[in-house]
Amino acid sequence: MEQYDILIIGAGPAGMTAAIYGQRAGYRTLILEEAVLGGQIANTPEVENYPAVGKISGVELGMNLYNQVLEQGAQVEFDGVVSAQLAGPLKTLTTQSGKVYTARAVIIANGAKRRKLGIPGEEAYAGRGVSYCATCDGGFFKGKSTVVVGGGNTALEDALYLANLCTQVHLIHRRDTFRGGKVLVDAVLARENIQVHYDTVPVEVVSADGQKVSGLTVRNVKTGAQELLEAQGVFVAVGLAPDNQLFAGQIELDPAGYIAAGEDCKTNLEGVFAAGDTRTKTVRQIVTAAGDGAVAAAEAGNYLMRQ
Ligand code: NAP
């Protein structure tokens, strides 16, 4: 059993910022990360709205944060948390590898996951043409045709990223106005090899050979007309969903499944804080996640001082 002052779940911008602040305040801090460094930003080709940084790839921003975490003396273990005992003064986290960690404060910064479409063929062809990460998988579709589903900033960014690699990109959105920002919308509309299909929803992922994706059947919601968009890749970018089942029953969640914590990042349990995309909030951006990380670490410090 290893003991720390603050345990952080998740090495995205929220968790890594919390580690920098926690360790700098003199608390022995460890981050436990189940997958990749950076969380959602690892899937972001270009970040242009993080203050003072200018244009940077999500991977590079994540690496910079990681190096800063290590420079401050905080630790990072790539080992997912499989169970959490969060009530009472001493919290316990158990990881995939069977290690047990304890601390008096826990910051949950596990982010959110990409939402699924729930249409026929999606699950069957996941990894065989259906993808949830354009920057991870886009390279497999060089010189091919792809479809991006969604109308938010992620879908717009994914379409632009794929347009640099693919002969044609179909962008399908269920309404006639995008949710994403004007800069990205204008960039998408200016690209000749991106074909936008408004008022269009996905119906079924199709495979001609039963092995890999050959297209996506879509339906126009206004006319009811169905068509098959021929494509080798289908990129799903229909938003994020929380992944907080692990904490259900201990930590109060909102009706959508996000952790019910306000701007002070405090949860219903003493000594447990939530930072970044995982908590109830209106603006989910890298800078707001980092802001949460600082707040959660400061609140954790205040809590530890009172113990
Ligand atoms: P989002 O903003 O929630 O957008 C999800 C999109 O998917 C919406 O257009 C939505 O349509 C559509 N959608 C949802 N469910 C669908 C379904 N079942 N079938 C078809 N379409 C569906 O999610 P996101 O784009 O992943 O972005 C998440 C957050 O990260 C947002 O706050 C976003 O601003 C932020 N982000 C920011 C940047 C940036 O600033 N550069 C980049 C990426 C992400 P409706 O519009 O009709 O609801």
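Just so it is clear, the structure is predicted and the values come from calculations on it, not from any experiment.

Some remarks on a positive patch on the surface
Move 1: Together, Arg115, Arg174, Arg175 and Arg179 give the surface a local cluster of positive charge.
Move 2: Secondary-structure assignment places Arg115 in the loop between strand 9 (112–114) and strand 10 (130–131).

A closer look at the site of the ligand
Move 1: In the neighbourhood of the ligand, 19 residues make up the surrounding shell, with Asn49, Thr154, Arg174, Arg175 and Arg179 lying closest.
Move 2: A distance of 2.9 Å separates an oxygen atom of the ligand from a polar side-chain atom of Thr154.
Move 3: In the model, an oxygen atom of the ligand is placed 2.7 Å from a nitrogen or oxygen of the Arg175 side chain.
Move 4: Ranked by the residues each element gives to the shell around the ligand, the list is headed by helix 4 (residues 153–163), at three residues.

Re the state of the cysteines
Move 1: Enumeration over the complete set of coordinates arrives at one disulfide.
Move 2: A disulfide-free cysteine, Cys166 has its sulfur positioned 14 Å from the sulfur of Cys133, the nearest such atom.

Observations regarding the environment of Phe140
Move 1: Looking at where Phe140 falls in the secondary structure, it is placed in the loop between helix 3 (134–137) and strand 11 (145–149).
Move 2: Take Phe140: its relative accessible area is 59%, and that puts it in the exposed class.
Move 3: In sequence terms Phe140 and Gly215 are 75 residues apart; their C-alpha atoms lie 16 Å from each other.

Considering unusual backbone geometry
Move 1: Positive phi, normally seen in glycine, also occurs at Ala52, with a value near 75°.
Move 2: Mapped onto the secondary structure, Ala52 falls in the loop between strand 3 (29–32) and helix 2 (58–72).
Move 3: On the basis of relative accessible area, Ala52 is assigned to the exposed category, the value being 90%.
Move 4: We note that Cys265 has phi near 65°; this positive angle belongs to a residue other than glycine.
Move 5: For Cys265, the position within the fold is in the loop between strand 18 (240–242) and strand 19 (272–274).

Comments concerning the sheet that holds strand 19
Whenever strands of a sheet pair, they do so through backbone hydrogen bonds, lying parallel or antiparallel.
Move 1: Taken in spatial order, the five strands make up an open sheet running 4-3-2-8-19, and their pairing is parallel. In this open sheet, the two edge strands, each paired with only one partner strand, are strand 4 (75–77) and strand 19. Sheet twist, expressed as the mean angle between neighbouring strand axes with direction ignored, is 20°.
Move 2: By the bridge criterion, three bridges tie strand 3 to strand 4 in an arrangement that is parallel. Bridging from a neighbouring strand, Leu30 pairs with Gln75 of strand 4.
Move 3: Strands in contact with helix 6 (residues 286–306) are strand 2 (6–9), strand 8 (105–108) and strand 19; relative to strand 8, the strand with the most contacts, it is inclined by about 165°.

Observations regarding the pairing of strand 15 (residues 215–220)
Move 1: The pairing of strand 14 (residues 200–206) with strand 15 spans six bridges and is classified as antiparallel. Among the inter-strand pairings, Pro202 is bridged to a residue of strand 15, identified as Val218.
Move 2: Note: strand 15 against strand 16 (residues 226–230), five bridges, orientation antiparallel. Bridging across to strand 16, Arg219 finds its partner in Gln226.

The rules behind these values
Residues numbered from 1 in each chain as written. Predicted model: local features only at pLDDT ≥ 70, side-chain atom pairs only at ≥ 80, totals over all residues. Heavy atoms only, no water. Patch = residues over 30% accessible without salt bridge, like charges linked within 9 Å, V, L, I, M, F, W, Y side chains within 5 Å. Areas by Shrake-Rupley, 256 points an atom, 1.4 Å probe, with all protein chains shown as cover. Salt bridge = Lys/Arg side-chain N within 4 Å of Asp/Glu carboxyl O. Lys, Arg positive; Asp, Glu negative; His and termini not counted. Charge placed at Lys NZ, Arg CZ, Asp CG, Glu CD. Helix = DSSP H or I, 4+ residues; strand = E, 2+ residues; numbered from the N terminus. Near = heavy atom within 4 Å. Polar contact = N/O pair within 3.5 Å; in protein donor to acceptor, adjacent residues only side chain to side chain. Disulfide = S-S within 2.5 Å. Buried < 20%, exposed > 50% of the residue type's maximum accessible area, 1.4 Å probe, protein only. Pairing = 2+ DSSP bridges. Axes fitted to C-alpha atoms, helices over the stretch in contact; angles between N-to-C directions. Contact = heavy atoms within 4.5 Å.

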